[in-house]
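Residue-level listing of the chains:
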Amino acid sequence: MIKILERKNTVKVDDGKTTAPANRDSVKLASRPRNILRTIVLDTDSVTIELYDDGLIDGDSVSVFFNNSVLLNKVGLTDKALKQTIQLPVSADGIVLTMFAENEGSIPPNTGLLIIRSADARHEIRFSSDTKKSAAIELRRK
């Protein structure tokens with residue numbers, strides 16, 4: 001059974017810049033290449049992301065970056081969703097969500113399930129990251 005653990009904070013974006021706390025980890029993010037798994041084009045101004053461990057719960061933890069700013073910092077992945085609502089800007093550049101492995105749990109690599117929900121769509125993305133590369137998703141608004 002999957003339980004939902006809802007996070008109450010919302011990140012608002014204006015011209016691709018987040019209002020989240022100042023990014024202290026941009027050097028850490030830049031230290032690994034990003035593998036863009038998918039580009040999703042949306043008709044909406046906001047989405048909700050849900051983040052789970054994919055498969056066996058083995059202690060994986062990630063930081064999620066919204067462009068170059070921390071959205072979720074060093075969170076453990078479990079069978080309970082970590083939920084976050086994101087406001088999307090009207091911008092040609094799009095938004096990049098990066099899953100940065102903080103560890104690889106007891107069974108490498110770090111694996112997770114990212115669900116992106118908008119008003120009329122649901123996207124499931126299974127990702128894998130490790131200490132050498134990060135998984136990323138690009139979100140664009142029509």
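It should be emphasised that the depicted structure is a prediction, and the values quoted were computed from it without experimental measurement.

1. Describing the confidence of the model for the protein chain
1) Next: Across the protein chain, the average pLDDT comes to 83, with 81% of residues at or above 70.
2) Next: This stretch, residues 1-23, has a pLDDT under 50; its non-local contacts, to residues over four places away or in other chains, come to 47 contacts.

2. Considering the packing of aromatic side chains
1) Next: Inspection of every chain in the model, using the stated rule, returns 1 aromatic pair.
2) Next: Ring centres of F65 and F100 lie 6.1 Å apart, and the angle between their planes is 70 degrees; this geometry places the pair in the edge-to-face category. Of this pair, F65 sits in strand β6 (residues 61-66) while F100 is found in strand β9 (residues 95-101), placing the two residues 35 residues apart along the sequence. A single burial state applies to F65 and to F100, both of which are buried.
3) Next: The lysine or arginine in question, R32, covers the ring of F100, its NZ or CZ lying 3.8 Å from the ring centre.

3. Here we look at the environment of N110
1) Next: Within the secondary structure layout, N110 lies in strand β10 (residues 110-117).
2) Next: Sequence spacing of N110 and D58 is 52 residues, and the spatial spacing of their C-alpha atoms is 8.9 Å.
3) Next: Polar side-chain contacts of N110 include one of 2.9 Å to the backbone oxygen of S61.
4) Next: Here N103 takes part through its backbone oxygen, which lies 2.9 Å from a polar atom of the side chain of N110.

4. Quick look at the sheet that holds strand β12 (residues 134-141)
1) Next: What the 5 strands build is an open sheet, ordered β4-β12-β9-β6-β7; its pairing is mixed. For this open sheet the edge positions go to β4 (34-42) and β7 (69-76), each flanked by a neighbour on one side alone. With direction set aside, neighbouring strand axes in the sheet form an average angle of 15 degrees.
2) Next: Bridge count between β6 and β9: 5 bridges; the pairing is antiparallel. The residue of β9 that forms the bridge with V64 is M99.

5. A closer look at the nonpolar core
1) Next: Of all hydrophobic cores here, the largest spans 25 residues; its most connected members are L51, L114, I116 and L139.
2) Next: Beyond its immediate chain neighbours, meaning those up to four positions away, L51 contacts V62, V64, L72, L77, K80, A81, L82, L113, L114 and F127.

6. Focus: unusual backbone geometry
1) Next: P109 follows P108 through a cis peptide bond whose omega is -5 degrees.
2) Next: By the secondary structure assignment, P109 is in the loop between β9 and β10.
3) Next: Despite not being glycine, N67 shows a phi value in the positive range, around 55 degrees.
4) Next: Looking at the secondary structure, you find N67 in the loop between β6 and β7.
5) Next: Of note, the phi angle at K74 is positive, near 50 degrees, even though the residue is not glycine.

Basis of the calculations
- Residues numbered from 1 in each chain as written.
- Predicted model: local features only at pLDDT ≥ 70, side-chain atom pairs only at ≥ 80, totals over all residues.
- Heavy atoms only, no water.
- pLDDT = per-residue confidence, 0-100.
- Contact = heavy atoms within 4.5 Å.
- Phe/Tyr/Trp six-rings, centres within 6.5 Å; stacked < 30°, edge-to-face > 60°.
- Helix = DSSP H or I, 4+ residues; strand = E, 2+ residues; numbered from the N terminus.
- Buried < 20%, exposed > 50% of the residue type's maximum accessible area, 1.4 Å probe, protein only.
- Lys NZ or Arg CZ within 6 Å of the ring centre and 35° of its normal.
- Polar contact = N/O pair within 3.5 Å; in protein donor to acceptor, adjacent residues only side chain to side chain.
- Pairing = 2+ DSSP bridges.
- Axes fitted to C-alpha atoms, helices over the stretch in contact; angles between N-to-C directions.
- Core = buried A, V, L, I, M, F, W, Y, C linked by side-chain atoms within 4.5 Å.

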